[in-house]
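Survey of secondary and tertiary structure
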Amino acid sequence: MLRALAVDDERPSLEELLYLLHADPRVGSVEGASDATEALRRITRALESGPDGPEAIDVVFLDVQMPGLDGLEMARLLTGFARPPLVVFVTAHEDFAVRAFDLKAVDYVLKPVRKERLGEAVRRAAELRGTAPRIPVHEPDPDHIPVELGGVTRFVSVDDITHVEAQGDYARLHTDRGSHLIRIPLSTLEDRWRSRGFVRIHRRHLVALRHIGELRLDAGTVSVLVGGEELQVSRRHARELRDLLMRRTAG
């Protein structure tokens, strides 16, 4: 089972995280640390003990914003070790997600932490550490995609998505009512939604043909108006987009 370390400078948040981790049957042991300095001392002992030693730690559940050394800086330090523990960020701020996954984080859990969402992070860590078999996952609903907002999972209709923007290992879904950050690469969504009328117009953008309001040509550059936002179309994708729009209009 996983050996975990939870790090958070806010005592109520740390106690809640420890409680939830203790309750997960895949977690064999869990300790707490109230700041990055204390956590680094504990991790150093773990690394000196070795992966099979009595002090070993498999995964660190790490807050981002802490006094002194913050969570991102601490994770960056851990990447310098030969066999660092896995890192799961647990934070109230979604703005650091791209930077977190640049540091090879296993998952990014938003506060307030829900038991089911934390359980998914534990599952990912367990699979990466080879301590748990893969559990079959039900096929996703093709008409909706789950997003997290304030610790609550909501289901956004694919038909409401005007365009998608790549942000590292994440993608930001744009709708008329706002945007949502999800941990799915843009290339995966491109393959999944091609048959639903989504087309790549740039290495950073995927758009829904039905939501394109205008195609603009200006001095050799091409852009589209989607959901009130003007997006550039790369030369590589411009001809394909024009052909698709013409066929759609003719149909």
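Higher on the page you've got the structure.
One structure accompanies this document, and this report is about it. From a predicted model like this one, the values you see are computed outputs, not experimental measurements.

1. Some words on the nonpolar core
Ranked by size, the top nonpolar core spans 29 residues in total, and within it L5, V7, V60, L62, M74, F89 and Y108 carry the most contacts. Those elements that provide at least two residues to this core are β1 (2-7), α2 (36-49), β3 (59-62), α3 (71-78), β4 (86-91), α4 (97-102) and β5 (107-110). Here the element with the most residues in this core is α2; it accounts for five residues. Those residues in contact with F89 that sit more than four places away from it in its chain are L62, V64, G71, L72, A75, A100, A105, D107, Y108 and V109. With 23 residues, the next largest nonpolar core counts L86, V90, V106 and A125 among its residues.

2. A word on the pairing of β4
When you tally the buried positions in β4, you get six out of six residues, the bulk of the element. Every second residue of β4 is oriented toward a common face, with L86, V88 and V90 on one face and V87, F89 and T91 on the other, all of them buried. In terms of strand pairing, β3 meets β4 through four bridges, oriented parallel. The residue bridging V59 from the neighbouring strand is L86, located in β4. Assessed by its sense of winding, the connection that carries the chain from β3 through α3 to β4 is right-handed. Sheet analysis places β4 next to β5, joined by four bridges and oriented parallel. Bridged to F89 within β5 is Y108.

3. Concerning α3
Because an α-helix completes one turn every 3.6 residues, residues spaced three or four positions apart along the sequence face the same direction. Residues of α3 that are buried include every one of G71, L72, M74, A75 and L78, and no others. Buried positions in α3, seen along its axis, are confined to an arc of 160° and lie on one side of it. On its buried side, α3 packs onto α2, β3, β4 and α4. Put simply, D70 is the residue that caps the front of α3, since its side-chain oxygen is 3.1 Å from the backbone nitrogen of L72.

4. Description of the packing of aromatic side chains
Here the distance between the centres and the angle between the planes together describe a pair of aromatic rings. Going through the model one piece at a time under the given rule, you end up with two aromatic pairs. With a centroid separation of 6.4 Å and 45° between ring planes, the pair formed by F89 and Y108 is classed as tilted. Taken together, the residues span a long stretch of sequence, with F89 in strand β4 and Y108 in strand β5 at a distance of 19 residues. Judged by centre distance (5.0 Å) and plane angle (40°), the rings of W193 and F198 are tilted. A relative accessible area of 4% places F198 in the buried class.

Thresholds applied
- Residues numbered from 1 in each chain as written.
- Predicted model: local features only at pLDDT ≥ 70, side-chain atom pairs only at ≥ 80, totals over all residues.
- Heavy atoms only, no water.
- Core = buried A, V, L, I, M, F, W, Y, C linked by side-chain atoms within 4.5 Å.
- Buried < 20%, exposed > 50% of the residue type's maximum accessible area, 1.4 Å probe, protein only.
- Helix = DSSP H or I, 4+ residues; strand = E, 2+ residues; numbered from the N terminus.
- Contact = heavy atoms within 4.5 Å.
- Pairing = 2+ DSSP bridges.
- Right-handed = clockwise from strand over helix to strand, strands pointing away.
- Arc of directions from axis to C-beta.
- Polar contact = N/O pair within 3.5 Å; in protein donor to acceptor, adjacent residues only side chain to side chain.
- Phe/Tyr/Trp six-rings, centres within 6.5 Å; stacked < 30°, edge-to-face > 60°.

By themselves, these are just geometric observations and shouldn't be taken as functional.
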